[in-house]
Amino acid sequence: MADFAHVDALVAGYHRRGGQPGLAYGIVAGGELVHAAGLGVRYLGGPAPDAGTVFRIASMTKSFTASAILTLRDDGLLKLDDLAEYYVPELSGWPPVSPDSARISIRHLLTMTAGFPTDDPWGDRQQGLPLEEFAEFLAKGVSFNCAPGTRFEYSNLGYAILGRVITAVTGMAYPDYVRHRLLKPLGMTRTGFEVEEFEIPRQSAGPAGVAHGYRRSPGGWSEVAFDPAGAFAPMGGIFSCVRDLTRWVAGFAAAFPPGGDDETHPVRRASRREMQLPQILTGWAIAPSFPGDGASSPPATYGFGLFVDEHPTLGRIVSHSGGYPGFGSNMAWHPATGTGVIALGNSTYAAMAPLAARLLEAVVRQDGPAAHGNRLAGERGTVQVQIQLNPERPPRVQSLALAVPPAAGSALRVTLDAVVDWLNDGARDWPPSIRVADEVDVGMLARRLRMAAVWAGRCRVGAFKAGDGAASVAAELPGEHATITLALVIDPETRILRLAEVAP
């Protein structure tokens, strides 16, 4: 993982689109910040951001709030299935959504299944709401979109209420408890809730600066004032930097695989792992990897303060974004390898999630075959293997599936190489040298493969994922911009291509 030129090029290309005055990013591996950089400016006319530059991380704060709740659960001070009204009395006067609906529990609030309507961007504008006004708001009652426990709906209000729960249990203001229980033990000295904790004069070019938030206006970038931490701080009030967030991301990544507890972390290892397990389907489909792809993708899920998704080739990815007036952010990691990324931008709702996703995929794939526990690397290539065990002790093998790579010079390998060469040479029409079965629509085949090639960029044959090595093969094609999987079926005797499909 020593060469990050490709990563830097990806970020530079993204930044040139002009979506934010500045951004900072970092790569986490083995619990350490192994690469970090910044582009653009912290504030107009100022220096570039770096790993110590503080940004508002907005809804990434929810992972801190969820962690604080689990520490209280682990200390025996509350239960996740406790009713929230035990701790926030204003909720006790709310009538049930329906005669048979459940009352709101702490678990409902954590998983965004309390039934509240999605409240972006309203919730963002409540950041500085005084606590007494929030109490009055709750006492009047709120609207519901569904009964508690029946559906996911993204809710900032629910996490603001969790802040009240934390204060009721601890007797401490929410920011004070997070500082005491989470930030201080982790040494996150550049993380807090008020910009005054970090601000330095604009003329300074030192590394300890704060990124100022901006929005687009007819005249260009306009600065957005910082809101104070108020009743909605538990949903999006934290400021932090790439260097501090490395500790946060590394802690979650280190929770896998199950093993002994880590006494140096303020949140139990099992609890950090619990936060990263799917609790509820969000109903948000994961976007296809390239335009025109019709393949189905796994649904997105939510854990406790974290999104949990299944990447079609990398497996589980855990993440959370943040969007706020003046800022956008994302953190994401790959539990199987412990690799993570952080991306912070200083414009309103800066789209850092797509950038972080591309960075994470690029870095995990750069790690090579060792990044994937179901692959074997040999002298002449990498193959995918799957072993299914039964529950006996000791376990016995039920099935063994091994991708057989096509031999050098075989009809299948020659066809595979010819298709990849065609993808890379940019030709529009299907090459006559690759004969296709009569039942295959050659025009449709060429268009679909060409679309994938444009999306992925120049590619090469990577790991073999499936196939018998003679008539069929499925191989990863790592490209300049993305990785696709190419599946081919041929007649080994005639070398006629019977099937060619691409997938993310």
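Here the residue numbers are simple positions, counted from 1 along each chain's written sequence. Restriction of local features to residues with pLDDT of at least 70 applies here, the model being predicted, together with a cutoff of 80 or more for giving and counting side-chain atom pairs; totals for whole chains, interfaces and linings are based on all residues. Heavy atoms throughout the structure, all of them, feed into the side-chain values; hydrogens and water do not.

Q: Let's hear about the nonpolar core: which residues, and what values?
A: Judged by nonpolar contacts, the single largest core of 71 residues is most densely connected at F64, I69, I106, L110, F134 and I161. Look past the residues within four positions of I161 in its chain and what remains in contact with it is V88, L91, W94, L109, F116, F134 and L138. Within this scheme, the nonpolar core is defined by two criteria: the residues are buried Ala, Val, Leu, Ile, Met, Phe, Trp, Tyr or Cys, and they are joined through side-chain atoms within 4.5 Å. In this scheme, a residue with accessible area under 20% of its type's maximum is buried, one over 50% is exposed, and one in between is partly exposed, where area comes from a 1.4 Å probe on protein chains only. With 32 residues, the next largest nonpolar core counts L416, A437, L486 and L497 among its residues. Here, residues are in contact when the closest pair of their heavy atoms is within 4.5 Å.

Q: Summarise the side chain of H108; cite the residues concerned and give the values.
A: Structurally, the position occupied by H108 is in helix α3 (residues 106–111). Judged by relative accessible area, H108 falls into the buried class, the value being 13%. Excluding residues that lie within four positions of it along the chain, H108 makes contacts with A102, R103, T113, A114, P148 and G149. The helix and strand labels rest on DSSP assignments: H or I over at least four residues marks a helix, E over at least two residues marks a strand, and numbering proceeds from the N terminus.

Q: Describe the side chain of T339, listing the residues and the values that go with them.
A: As for its position among the elements, T339 is in strand β12 (residues 339–345). Using a relative accessible area of 1% as the deciding quantity, one classes T339 as buried. In this structure the side chain of T339 is engaged in a polar contact, spanning 3.0 Å, whose partner is the side chain of T337. Two N or O atoms form a polar contact when they lie within 3.5 Å of each other; inside protein one atom must be a possible hydrogen donor and the other a possible acceptor, and for residues adjacent in sequence the pair counts only when both atoms belong to side chains.

Q: Describe the confidence of the model for the protein, listing the residues and the values that go with them.
A: pLDDT expresses how confident the predictor is about each individual residue, on a scale running from 0 to 100. Within the protein, residue pLDDT values average 90, and 92% of them lie at 70 or more. In the predicted structure, residues 203–207 sits below a pLDDT of 50 and forms 10 contacts with residues beyond four places in sequence or in another chain. Scored below 50 in pLDDT, residues 288–295 shows 15 contacts in the model against residues more than four places distant or in partner chains.

Q: Run through the packing of helix α2 (residues 61–74) against helix α8 (residues 242–253), naming residues and quoting values.
A: Between α2 and α8, the least distance of the axes is 12 Å, while the angle of their chain directions is 55°. If you check the angle between α2 and α8, you find them oblique. Here the hand of the crossing between α2 and α8 comes out left-handed. Residues S63, F64 and S67 of α2 form the contact with α8, whose own contacting residues are L245, W248 and F252. Note on residue categories: nonpolar means Ala, Val, Leu, Ile, Met, Phe, Trp, Tyr, Cys or Pro, charged means Asp, Glu, Lys or Arg, and polar means any other residue, Gly included. Split into classes, the residues belonging to the contact of α2 with α8 amount to four nonpolar, two polar and no charged. Only the stretch in contact is used when a helix axis is fitted, and all axes are lines through C-alpha atoms; the angle between N-to-C directions ranges over 0 to 180 degrees. Here is the rule for angles: anything less than 35 degrees is roughly parallel, anything more than 145 is roughly antiparallel, 65 through 115 is roughly perpendicular, and the remaining ranges are oblique. Two helices cross in a left-handed way if the nearer one is turned anticlockwise from the farther one by less than a right angle. They cross in a right-handed way if the turn is clockwise.

Q: Please set out the pairing of strand β11 (residues 327–334) residue by residue, giving values where relevant.
A: Within β11, eight of the eight residues are buried, which leaves it mostly tucked inside the rest of the structure. A pair of strands counts as paired when DSSP detects no fewer than two bridges linking them. As judged from the seven bridges shared by strand β10 (residues 315–324) and β11, these two strands associate in the antiparallel manner. The residue bridging S321 from the neighbouring strand is N330, located in β11. In sequence, β10 turns back onto β11 through a hairpin of two residues, with G326 there showing a positive phi of about 100°. Direction of pairing for β11 relative to β12: antiparallel, over a ladder of seven bridges. Paired with H334 across the strands is T339, a residue of β12.

Q: Give a description of helix α1 (residues 5–15) that names residues and reports values.
A: Among the residues making up α1, those that are buried are V7, L10, V11, Y14 and H15. For α1, the buried positions fall inside an angular range of 130° around the axis, keeping them on one side. Looking at the buried positions of α1, the neighbouring elements they touch are β1 (22–29), β2 (32–40) and α10 (352–366). Working definition: the arc comes from the directions between the helix axis and the C-beta atoms, pointing outward to the latter.

Q: Describe in detail the packing of helix α4 (residues 131–139) against helix α5 (residues 156–170), supporting the description with residues and values.
A: The geometry of α4 relative to α5 is characterised by a closest axis approach of 12 Å and an angle of 115° between their N-to-C directions. Taken as a pair, α4 and α5 cross one another with a handedness that is left-handed. Contacts from F134, A135, F137 and L138 in α4 reach L157, A160, I161 and R164 in α5. Considered class by class, the residues forming the contact of α4 with α5 number seven nonpolar, no polar and one charged.

Q: Would you mind going over the environment of V440 in detail, with residue names and values included?
A: By the element assignment, V440 lies in the loop between α11 (411–425) and α12 (442–456). Distance in space between the C-alpha atoms of V440 and L83 is 60 Å, their sequence separation being 357 residues. Once you skip the residues sitting within four places of it in the chain, V440 turns out to touch L445, L497 and R498.

Q: Can you lay out the pattern of salt bridges for me, pointing to particular residues and giving the numbers?
A: One speaks of a salt bridge when a side-chain nitrogen belonging to Lys or Arg is within 4 Å of a carboxyl oxygen belonging to Asp or Glu. Scanning all chains against the criterion turns up 19 salt bridges. Across the salt bridge formed by R247 and D244, the nearest N and O atoms sit 3.2 Å from each other. In this pair, R247 and D244 are both assigned in helix α8, three residues apart and thus about one turn of the helix distant. Of the residues examined, D244 reaches a relative accessible area of 2% and is grouped as buried.

Q: So what about unusual backbone geometry? Which residues, and what values?
A: The linkage connecting D120 with the following residue, P121, adopts the cis geometry, with an omega of 0°. Tracing the backbone shows P121 in the loop between α3 and α4. The omega torsion across R393 and P394 is -5°, close enough to zero to call that bond cis. Tracing the backbone through its elements, the reader meets P394 in the loop between β14 (381–389) and β15 (397–402).

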